[in-house]
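# Secondary and tertiary structure notes
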Amino acid sequence: MKKIFILFSLILLLTGCSKFDSDKALSKFKKKANSNSYSLSGELSINNSENTYKYKVSVLYKKGDLYKVILNNIDSNNSQIILKNNSGVYVVTPALNKSFKFQSNWPYSSSEVYLLRSLLKDLLTDEKRIFKENKEYYMFSTSINYPSNRHLVRQNIYFDKSMNLKKVKVFDDNGLVIITMKFNNIKYNKIISNKEFILDNSYSNIKETFNSNKELDVIYPLNIPEGTLLKSEEKSKNNDRCIMTFDGDKSFTLVEEVLRPLDLMTVIPLTGEPVMLQDSYGSISDTSLYFTSNGNSYYLLSDNLNKEEMVNIASSINTVMVMK
């Protein structure tokens, strides 16, 4: 009887010691996320009303604050690159031969579902994070920081039983999944040349065509603040540009223009921060939002809208242009 009791006690002791808890899981992921370098690939989905925007994502990171993110829109096959090097932050659109340069603290100013250190930061910042386990995975649930979209409030981060990062889901304040990032492959401490983070090299291997419309199909925003109305619109003689003025307490101006690819890669300095909309990265400041979509450029200006209101208006323009 005594031997049975000792054996039973040993089983309990071993079981208790092998239990994988929140601290162990976080420690394992912290070690991976703090690697000197990594490469990853995956698929990103963004839901908006009845539309789903899908991207193939590839990321390179190297110690020294070097980042390179390539987002390829699966529907349009157009790519954008977010590059961070010692000179600044760039949003590059290879098909247009155009690059916007920011003096920005991206990616540390907001949550980013495809960057390991951003996920780690959210985990470490949220002292009330939740850890769950089932037969298939470990899961952390944390609060998030999306300054331009306060409706996004929480994310679930999923790992397999070897603590390999598998998926991230971002939820809005209604509990709906808005963003999903699935990780296909992650390689840690990979040898990555610094040349990968030079602007001129960042788009040279991406070849794509860009079809610009001869005339502008004007798209009106579906979501505008209450009490704000379209006051006037002025089209260019060639019908490739339209300036719309919206009047009210939340007044703003919206300029839509057909995109024309430039002959040479041009770097355009901008104030503000990069911001991800449904189907493109744009530039947002306290008084303006610029982005490109479906062959057009959109420039929204206002002294009366906050950043979240500008993003809501821009997102309602995108909703019209993309079929599910």
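Before going into details, it helps to say that this report is about the structure given with it. (Residues numbered from 1 in each chain as written. Predicted model: local features only at pLDDT ≥ 70, side-chain atom pairs only at ≥ 80, totals over all residues. Heavy atoms only, no water.)

This part covers the nonpolar core. One finds Leu44 and Tyr114 to be the most contacted residues of the largest nonpolar core, which totals 50 residues. Beyond its immediate stretch of four places on either side in the chain, tyrosine 114 contacts Leu40, Leu44, Val57, Val59, Val69, Met181, Phe183 and Tyr281. Counting residues in hydrophobic clusters, the runner-up holds 22 residues, among them Met244, Phe246, Leu300 and Ala314. (Core = buried A, V, L, I, M, F, W, Y, C linked by side-chain atoms within 4.5 Å. Buried < 20%, exposed > 50% of the residue type's maximum accessible area, 1.4 Å probe, protein only. Contact = heavy atoms within 4.5 Å.)

This next bit is on the environment of glycine 272. Relative to the helices and strands, glycine 272 is located in the loop between β15 (266–270) and β16 (273–276). In this structure glycine 272 comes out as partly exposed when scored by relative accessible area, which is 24%. Sequence separation between glycine 272 and serine 283 is eleven residues, and the spatial gap between their C-alpha atoms is 6.4 Å. Apart from the residues within four sequence positions on either side, glycine 272 is in contact with Phe102, Ser104, Ile284 and Ser285. (Helix = DSSP H or I, 4+ residues; strand = E, 2+ residues; numbered from the N terminus.)

What follows deals with the pattern of salt bridges. This structure, assessed with the given rule, holds seven salt bridges. One salt bridge connects lysine 250 with glutamate 309, and the closest N-O pair in it is separated by 3.2 Å. Taken together, the residues span a long stretch of sequence, with lysine 250 in the loop between β13 (241–247) and β14 (252–258) and glutamate 309 in helix α5 (residues 307–321) at a distance of 59 residues. A salt bridge links lysine 307 to aspartate 286; its shortest N-O distance comes to 3.8 Å. Here lysine 307 is found in helix α5, whereas its partner aspartate 286 is found in the loop between β17 (281–284) and β18 (288–293), with 21 residues between them in sequence. With a relative accessible area of 59%, aspartate 286 lands in the exposed category. (Salt bridge = Lys/Arg side-chain N within 4 Å of Asp/Glu carboxyl O.)

A separate point is unusual backbone geometry. The omega torsion across tryptophan 106 and proline 107 is 10 degrees, close enough to zero to call that bond cis. In this structure, proline 107 sits in the loop between β6 (98–102) and α3 (116–125). Positive phi outside glycine occurs at asparagine 294, with the angle close to 55 degrees. Positionally, asparagine 294 belongs in the loop between β18 and β19 (296–301). Using a relative accessible area of 52% as the deciding quantity, one classes asparagine 294 as exposed.

Another aspect to go through is the packing of aromatic side chains. Per the stated rule, a full pass over the model turns up 13 aromatic pairs. Summarising the aromatic geometry, the rings of tyrosine 67 and tryptophan 106 are spaced 6.1 Å apart at their centres and angled 75 degrees between planes, so their arrangement reads as edge-to-face. Here tyrosine 67 is found in strand β3 (residues 66–73), whereas its partner tryptophan 106 is found in the loop between β6 and α3, with 39 residues between them in sequence. Accessibility expressed as a relative area gives 1% for tryptophan 106, which makes it buried. A centroid spacing of 4.3 Å and a plane angle of 15 degrees characterise the contact between phenylalanine 246 and phenylalanine 252, whose relative ring orientation is stacked. Neither residue differs from the other here; phenylalanine 246 and phenylalanine 252 are each classed as buried. By the ring-pair criterion, three or more aromatic residues cluster together here, those being Phe29, Phe131, Tyr138, Phe140 and Phe159. When the ring centre of tyrosine 138 is taken as reference, the NZ or CZ atom of lysine 161 above it lies at 5.0 Å. Cation over ring: lysine 167 sits above tyrosine 158, and NZ or CZ is 5.3 Å from the ring centre. (Phe/Tyr/Trp six-rings, centres within 6.5 Å; stacked < 30°, edge-to-face > 60°. Lys NZ or Arg CZ within 6 Å of the ring centre and 35° of its normal.)

With that settled, the discussion passes to the sheet that holds strand β11 (residues 177–188). Working definition: the strands of a sheet are paired by backbone hydrogen bonds and lie parallel or antiparallel to each other. The twelve strands lie next to each other as β7-β8-β9-β10-β11-β1-β2-β3-β4-β5-β6-β15, forming an open sheet whose pairing is mixed. Each edge of the open sheet carries a strand with a single partner, namely β7 (130–133) and β15. The mean angle between the axes of side-by-side strands here comes to 20 degrees, regardless of whether they run parallel or antiparallel. Across six bridges, the pairing between β3 and strand β4 (residues 79–85) is antiparallel. The partner of isoleucine 70 across the bridge, within β4, is isoleucine 81. The strands touched by helix α2 (residues 22–33) within the sheet are β7, β8 (138–143), β9 (152–159), β10 (165–172) and β11, with β8 carrying the most contacts at an inclination of about 80 degrees. (Pairing = 2+ DSSP bridges. Axes fitted to C-alpha atoms, helices over the stretch in contact; angles between N-to-C directions.)

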